Amino acid sequence: FAYGRTGFEADAADSVETCGDGSLPLLSEAERWLDLYFAGKKPDFDLPINLSGTEFQKKVWEILCTIPYGATMTYGQIAAERGIARMSAQAVGGAVGHNPLSIIVPCHRVVGTNGSLTGYAGGIDRKIKLLTLEGINMSAFFVPKKGTAL
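This report concerns the structure included in the present document. (Residues numbered from 1 in each chain as written. Predicted model: local features only at pLDDT ≥ 70, side-chain atom pairs only at ≥ 80, totals over all residues. Heavy atoms only, no water.)

### Observations concerning the overall build of the chain
Scanning the chain from terminus to terminus reveals five helices and two strands. Listing the helices and strands of the chain from first to last along the sequence gives α-α-β-α-α-β-α. Relative to its full complement of 150 residues, the chain shows a buried share of 38%. Once local pairs closer than 6 in sequence are excluded, the contacts in the chain between residues at least 24 apart make up 62%. Here the chain has roughly 8400 Å² of accessible surface; of this, 54% comes from carbon and sulfur atoms. (Helix = DSSP H or I, 4+ residues; strand = E, 2+ residues; numbered from the N terminus. Buried < 20%, exposed > 50% of the residue type's maximum accessible area, 1.4 Å probe, protein only. Contact = heavy atoms within 4.5 Å. Areas by Shrake-Rupley, 256 points an atom, 1.4 Å probe, with all protein chains shown as cover.)

The following block contains the structure:
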C-alpha cells in the first residue's frame, strides 16, 4: 500500500531491503516524508506501508489515506459514504483508534459530526497542532468538555 493510493498490501520484502551501508531506504524515505510534513508542506510522494489488522480496520485505514491533506472527514461520513456495509461511526472510531501509523495514515483528520475534536490517541492538543499545520480553519471545531478520547 502506498499512502494515498488504493490497495492496502505491500511487498514485505521491500520493507526490509538494506543498502550496502546497512541503511534502510524505507526509513530514510519516511524521515524525508515526515520532514516535509512538519515543515508544513504536503509530501509529494507516497510511502509503501503494510499494516496488520482486521479486514474492517484495513478498510477504514485505507479510507483515512484518501482524506486530502488540509481536509477533514467525520466518523459518520466514513461509515455512511465509503461503502463499508453496516458499520457505525463508533465502529469506525474503534478502527481509527487502532491505527498504528498516525500522521502517515492521517487519523487526525477525522472529527466528530458536530465539529468535536475527539478521538485522537496522541491527544487533542496534538490533533489541533496537526490540523493547524495543514492549514485547516479551526473555527468550526471545538474541544469536548468530557469524553473518552480527551
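Next comes the rest of the description.
### Observations concerning the nonpolar core
The biggest cluster of nonpolar side chains holds 28 residues, and the ones touching the most others in it are W33, L47, L64, I78, V92, V96 and V105. For this core, the secondary-structure elements that each account for two or more residues are α1 (25-38), α2 (55-64), α3 (75-81) and α4 (89-97). For this core, the leading source of residues is α2, giving four residues. Excluding anything up to four places from it in sequence, V105 contacts I49, L51, W61, L64, C65 and N99. If you look at the next biggest cluster of nonpolar residues, it comprises seven residues, including V111, I136, M138 and F141. (Core = buried A, V, L, I, M, F, W, Y, C linked by side-chain atoms within 4.5 Å.)

### Side note on the packing of aromatic side chains
Overall, the coordinates contain three aromatic pairs when judged by the stated rule. Here the aromatic rings of Y37 and Y69 are separated by 6.0 Å at their centres, their planes lie at 85°, and the arrangement is edge-to-face. One end of the pair, Y37, is in helix α1; the other, Y69, is in the loop between α2 and β1 (73-74), with 32 residues separating them in the sequence. A relative accessible area of 0% places Y37 in the buried class. Chaining the aromatic ring pairs together yields one cluster made of W33, Y37, F38 and Y69. The ring of F45 carries R32 above its face, with NZ or CZ at 3.9 Å from the centroid. (Phe/Tyr/Trp six-rings, centres within 6.5 Å; stacked < 30°, edge-to-face > 60°. Lys NZ or Arg CZ within 6 Å of the ring centre and 35° of its normal.)

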